Amino acid sequence: MKKVLFLAAICAAVLTACGGKGKSDQANSEIDSLQNLVNEKNEVINDMAEAINEIQAGFQQINEAEERVNMLSQSAERNSNVDNIRENMQFIQETMEAQRQKIADLEAKFKAGSQQNSKLQNLIAGLNKQLEEKAQAIEALTAQLAEKDVQIAALNENVKTLSAENTAVKQQNDETKQVVKKQDAELNAAWYVFGTKKELKEQKILQNGDVLKGDYNKEYLTKIDIRTTRVIPLNSKSAKILTTHPTESYKLMKDSKGEYTLCISDNVAFWSISKYLVIQVK
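Presented here is a report on the structure given in the accompanying data block. Keep in mind that this is a model prediction, so the values were computed, not measured. (Residues numbered from 1 in each chain as written. Predicted model: local features only at pLDDT ≥ 70, side-chain atom pairs only at ≥ 80, totals over all residues. Heavy atoms only, no water.)

Another point: the side chain of His245. Position of His245 among the secondary structure elements: in the loop between strand E6 (239–241) and strand E7 (250–254). We classify His245 as buried; its relative accessible area is 7%. Engagement of the side chain of His245 in a polar contact is seen with the side chain of Thr243, the distance being 2.8 Å. Contacts of His245, omitting those with residues within four sequence positions, involve Tyr250, Phe270, Trp271, Ser274, Tyr276 and Leu277. (Helix = DSSP H or I, 4+ residues; strand = E, 2+ residues; numbered from the N terminus. Buried < 20%, exposed > 50% of the residue type's maximum accessible area, 1.4 Å probe, protein only. Polar contact = N/O pair within 3.5 Å; in protein donor to acceptor, adjacent residues only side chain to side chain. Contact = heavy atoms within 4.5 Å.)

Below, the structure written as structure tokens:
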């Protein structure tokens, strides 16, 4: 810049000394050429400065993404963290590629310039070195994540296996519960029937004075749960229990119509002798 001003000063002095129009035009032309050269160099310098700022900003973004990955990798077992790690690593790779291109463009502009600058050359060399060091750091981070991916995969496999085992155990428990429930229901099942003497004989429930002997109609009896069935309305004014049950465990009660209802006071004792109840009514 000092050289340009110096040359301009010389031209101005020449114009003053000579005072000739021809030489004045020549001096003006030379000044314009010098000014255009200065403007061109300033534009190149501004472009390079802007490119350098963009490159430095890119390295800062890579550093921030790298820190996020390191933080997320501490608890990478979570699916959301794994997704975030992948997104950040993709951003780092894309930004690294953009950095390479920007530095290459900057270097090309520098080499194409009419005048070389040792400081700028050193700056570009430093950017290339920073890019190489960052590439090595990202490669090491990628290797660490690959190892964690194996661990995560193994953990997920263990979770799947454990889940399958839990499902199998649950299914087995459910089946066991069903078996126990069924067995419990059978242990607490009883059958009863009430009907007239004629009806009981027709179903072969009552034969020659015997109750529930031989081939009787089992479908005619009603199945109940002895734990919950305590009252059996008989809808008859006459009722006689034909099967054997402890007398202290039940009562035959009459309602306002004079019809009987069987009330079981002690269900365990009532069904202790027989799980079948036959009542003859009229």
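Membership of the largest hydrophobic core comes to 24 residues, with the highest contact counts inside it found for Phe59, Val69, Met89, Ile92 and Leu106. Of all the secondary structure elements, the ones that give two or more residues to this core are helix H2 (21–72), helix H3 (79–112) and helix H4 (118–187). Top element by residues in this core is H2. It accounts for nine residues. For Met89, the contacting residues outside a window of four places in its chain are Val69, Ile138, Leu141, Thr142 and Leu145. Counting residues in hydrophobic clusters, the runner-up holds 17 residues, among them Ala190, Ile226, Ile264 and Trp271. (Core = buried A, V, L, I, M, F, W, Y, C linked by side-chain atoms within 4.5 Å.)

Take the sheet that holds strand E4 (residues 222–225) next. What holds strands together in a sheet is hydrogen bonding between their backbones, with the strands either parallel or antiparallel. What the four strands build is an open sheet, ordered E4-E1-E9-E6; its pairing is mixed. For this open sheet the edge positions go to E4 and E6, each flanked by a neighbour on one side alone. Sheet twist, expressed as the mean angle between neighbouring strand axes with direction ignored, is 30°. Pairing of strand E1 (residues 189–195) with strand E9 (residues 276–281) involves five bridges; the strand directions are parallel. Bridging across to E9, Phe194 finds its partner in Ile279. (Pairing = 2+ DSSP bridges. Axes fitted to C-alpha atoms, helices over the stretch in contact; angles between N-to-C directions.)

The next point concerns the side chain of Asn88. Among the secondary structure elements, Asn88 is positioned in helix H3. Judged by its relative accessible area of 10%, Asn88 falls in the buried class. In this structure, Asn88 is in contact with Ala65, Arg68, Val69 and Leu72, ignoring residues within four places of it in sequence.

Reading across the sheet, the three strands line up as E5-E8-E7 and stay open at both edges, with antiparallel pairing between neighbours. A strand with exactly one partner marks an edge of an open sheet, and here the two such strands are strand E5 (231–233) and E7. Neighbouring strand axes in the sheet, compared pairwise and without regard to direction, differ in orientation by 20° on average.

Our next topic: the packing of aromatic side chains. By the definition in use, this model includes four aromatic pairs. Ring geometry for Tyr192 versus Phe194: centroids 6.4 Å apart, planes at 10°, classification stacked. Here Tyr192 falls in the buried class, since its relative accessible area comes to 16%. Here Phe270 and Trp271 contribute two aromatic rings whose centre-to-centre distance is 4.9 Å and whose plane-to-plane angle is 80°, an arrangement assigned as edge-to-face. Looking at Phe270, the relative accessible area reads 0%, which means it is buried. For Trp271, a relative accessible area of 3% corresponds to the buried category. Among the aromatic residues, ring-to-ring pairing joins Tyr250, Phe270 and Trp271 into one connected group. (Phe/Tyr/Trp six-rings, centres within 6.5 Å; stacked < 30°, edge-to-face > 60°.)

Our next topic: unusual backbone geometry. Positive phi, close to 60°, is recorded for Lys204, a residue that is not glycine. Relative to the elements of secondary structure, Lys204 occurs in the loop between helix H5 (197–202) and strand E2 (206–207). Located in the positive-phi region is Leu212, a residue other than glycine, with phi close to 55°. Following the sequence through the fold, Leu212 ends up in the loop between strand E3 (210–211) and E4. Using a relative accessible area of 18% as the deciding quantity, one classes Leu212 as buried.

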